[in-house]
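Coordinate inspection notes
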Amino acid sequence: MTIPHGPLYLLAGAAVTFAVQKLGWLDMEMGGTSLVNFRGTRGMDDVRDAPDASAWDGLRQILQQWEFTTNYAVVVGDAKHGRLFTYEGGNFTLKTKIPTGSTSKWPSAMMFAGLVEDGSVGLDDPVHKHLSWWTKDPKDPRSTVTFRMLLSFTSGFGDGHPGEEANTRAGREWRQANGRAELMSARRLAGKECDSTSGDILSCGKYIYNNVKLIGKPGQVYSYNSNHLQLAAAVAVTVTGLDIQQVIQKYLVEAFDMKDSSYPGSCPDFGGGLFTTGVDYEKFMAGLLAYKTFSKELIDASEVDATPFLKDYYTLYGDYGFGHFLMCFDSVKGFTKECEEAQCHMDPGAFGFIPLYDRKNNYYMQVVAAEIPPTGSYPLSGIPEYLAVGIKPHVDAIMTGQVTSNPMEQLSHNPQFLSLSMSDVNYCLNCKLHPKSCS
């Protein structure tokens, strides 16, 4: 049978629902064809066996036929077996070092969480405990800001919204509604004190502290920006006595074995300045998923919803934990019960790097791309996240043993694999055919 080839077909075939599927013993018949053997139960103590190699055939064909992104890679793995699936397209590999945009935020937050792991800082320490210039005056709400609030972007130091940094349909609509005609590819830290090449971490922290206004009560308000992480960096260099590059070396490069990753400069933008590879980011996610890098207590704390006050509002990506979203993609219903139960964590970047892990099903997945020269085209940078959303339930089905030996189950119009809307299709096609409209 000839498989159709083209964008509309692929968007329909790759799309899926976010419905949560029950897990357990799976050795059964469906539609007259045997399901791939895949036994096990949830939990780190009893991880499922790896899927058959043939289980990935349908997904590989879908990726080979994807017409919207040329240079990208996809990798899937789990806590027990490591990498299980790799796809590399165009002139791109998992070892290609690329800028990440906001995909920096998760490693940055967890790097600074390393100070909690080694006892240098307590999660609920007030920041004034470690920075002498930070007010202790109870009449000043800044006195209540804790280290946890910095990592979860709930410190109150304002400016920023996911719509400013994401080149997506929803992001463009947000900017139009809020009078932001231009696209901000990265958070712009104001002030020469925060310049990445000539600035200084402590001076930057003091600048933010003195010049950025609180937008609400710390712990009860959320803003998506680099300010929180720059302040956490100021705490890091103060309590450790290390310079910022030494902090990065100890708490990121060595802790997560990310030897090909870097934040250039004397005052890196920790909200958007990470350069890394798919291999290194895979190590980062695998370490968290398997509870290997830090204690389970700390990693669990990093995954807690720190913004429950947002759950009833429209969300572009979901509620927020430490430097990442609790995934609930483009949801007009807010952070739903279904999203909460799915236990997926993601950190999308403005250039198309989309890493996530699924705690419920115990696997990680990355769509690795950099849609800026020389590896891509910026007007197409909003498309990879739709690819990630489209293929995730295919990966869910493979990882939970719910794929059959019939390849057309994944390569045809199957209601099990439908989640992208006509608006999503229109967005992707429009950016591909009319790139100036998505610039």
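Residues numbered from 1 in each chain as written. Predicted model: local features only at pLDDT ≥ 70, side-chain atom pairs only at ≥ 80, totals over all residues. Heavy atoms only, no water.

1. Remarks on the pairing of strand β11 (residues 363–369)
Across the seven residues of β11, seven count as buried, placing the element largely inside the fold. Burial of the side chains of β11 extends over both faces: Y363, M365, V367 and A369 are buried on one face and Y364, Q366 and V368 on the other. Here strand β3 (residues 72–78) pairs with β11 via seven bridges, running antiparallel. The residue bridging V74 from the neighbouring strand is V367, located in β11. Sheet analysis places strand β10 (residues 354–358) next to β11, joined by five bridges and oriented antiparallel. Note on β11: the bridge partner recorded for P355 is Q366. (Buried < 20%, exposed > 50% of the residue type's maximum accessible area, 1.4 Å probe, protein only. Helix = DSSP H or I, 4+ residues; strand = E, 2+ residues; numbered from the N terminus. Pairing = 2+ DSSP bridges.)

2. Some points on helix α15 (residues 422–433)
Compared with the 16 Å implied by 1.5 Å per residue over twelve residues, the 16 Å span of α15 between its first and last C-alpha is a close match. When α15 is considered as a whole, its buried residues turn out to be D424, V425, Y427, C428 and C431. One side of α15 holds all its buried residues, which, seen down the axis, span an arc of 160°. Counted as exposed and oriented over 90 degrees from the buried face of α15: M422 and L433. (Expected span 1.5 Å × (residues − 1). Arc of directions from axis to C-beta.)

3. A closer look at the environment of D124
On the secondary structure map, D124 appears in the loop between α3 (105–117) and α4 (147–151). Taking relative accessible area as the criterion, D124 reaches 49% and is therefore assigned partly exposed. With 22 residues separating them in the primary sequence, D124 and T146 have C-alpha atoms 5.4 Å apart. Setting aside residues up to four positions removed in sequence, D124 forms contacts with T146 and R148. Within the structure, D124 has its side chain in polar contact with the side chain of R148 (distance 2.8 Å). (Contact = heavy atoms within 4.5 Å. Polar contact = N/O pair within 3.5 Å; in protein donor to acceptor, adjacent residues only side chain to side chain.)

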